[in-house]
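Overview (structure and organization)
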Amino acid sequence: MADRKLIAGNWKMNGTHADLERFGAYAELAADAPQQVRVALAVPHTLLFSAAERAAGSRLGIGGEDCHANENGAHTGCVSAPMLHAAGASFTILGHSERRADQGETDADVKAKAEAALRAGLDLIICVGETEAERDAGDAESVVGRQLAGSIPECNPARLTIAYEPVWAIGTGRTPTVEDVAAMHDHIRSALAARFGEAGQGVLILYGGSVKASNAAELLSASNVGGALVGGASLKIEDFRPIVEAAA
Ligand code: PEP
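Residues numbered from 1 in each chain as written. Predicted model: local features only at pLDDT ≥ 70, side-chain atom pairs only at ≥ 80, totals over all residues. Heavy atoms only, no water.

1. Concerning the pairing of strand 3 (residues 60-64)
Among the five residues that make up strand 3, five are buried, leaving the element largely enclosed by the rest of the structure. Bridge count for strand 2 (residues 37-42) against strand 3 is four bridges, and the pairing is parallel. In the sheet register, V39 faces strand 3, and the bridge partner there is L60. Note that strand 3 and strand 4 (residues 91-94) share two bridges and pair parallel. (Buried < 20%, exposed > 50% of the residue type's maximum accessible area, 1.4 Å probe, protein only. Helix = DSSP H or I, 4+ residues; strand = E, 2+ residues; numbered from the N terminus. Pairing = 2+ DSSP bridges.)

The following block contains the structure:
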């Protein structure tokens, strides 16, 4: 497990078709990465099909940023897991804190979406993380433990990746100490082992929250950190490349 890393970018609500002109550089970055380092990008729904077409045959994984829990139906503006899969996604992010906050998603919602994603053939990146108030109150581990218990569906753990993203570190330039990251990742590992037994040892646990060139190597070296989920610094290849290189 320690010899495998995943660096996944999350473009969030950024990018139009014109930005896909730069995709070749991301595919090259994935191709040049050592075998044990995988590179992936989660992109807005509008870009998925073209992004997947451009990444076809390369080592760059393409995924969605969310999906609906239903396969189809009267859900105006929503996109289902089979739609993501048909558009070329191989995975989807679920339970990102921005969705938990902006769309009021609960752990039960995330679990239902995750079940739909698995049925459609998508692998999962499920996000968990505490707010600053919860950390200050000493509740970070219990909050994350509750999110893990409530959000992860019955599944083959080989299809599951967890992203630990403290809410207060996302897009703020602030990060926890490496010791705090290691402690939380160890806590998550214990929860996964309790849930999945030996197979829980193999689940990648990504760190996310203001990862950038200057802090990537240190964060990626912490105990049980199996890679990074990268928001802002995934938008430009010049910012993303050093993070991938740090994983190598
Ligand atoms: C994220 O949104 O998943 C994230 C980690 O964002 P940033 O890297 O910009 O903090």
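2. Observations concerning helix 2 (residues 45-55)
Those residues of helix 2 that sit buried are L47, L48, S50, A51, A52 and A55. Elements that come into contact with the buried residues of helix 2 comprise helix 1 (23-32), strand 3 and helix 3 (81-86). After helix 2 finishes, the residue G57 shows a positive phi value of roughly 80 degrees. (Contact = heavy atoms within 4.5 Å.)

3. Overview of the nonpolar core
Of all hydrophobic cores here, the largest spans 70 residues; its most connected members are I7, I62, L160, I162 and I188. If you tally residues by element for this core, the top one is helix 8 (residues 178-196), at seven residues. Those residues in contact with I162 that lie beyond four places of it in its chain are I126, V128, L148, I152, I188, L192, V203, L204, I205 and L206. (Core = buried A, V, L, I, M, F, W, Y, C linked by side-chain atoms within 4.5 Å.)

As far as function goes, none of this settles anything; it's purely spatial.
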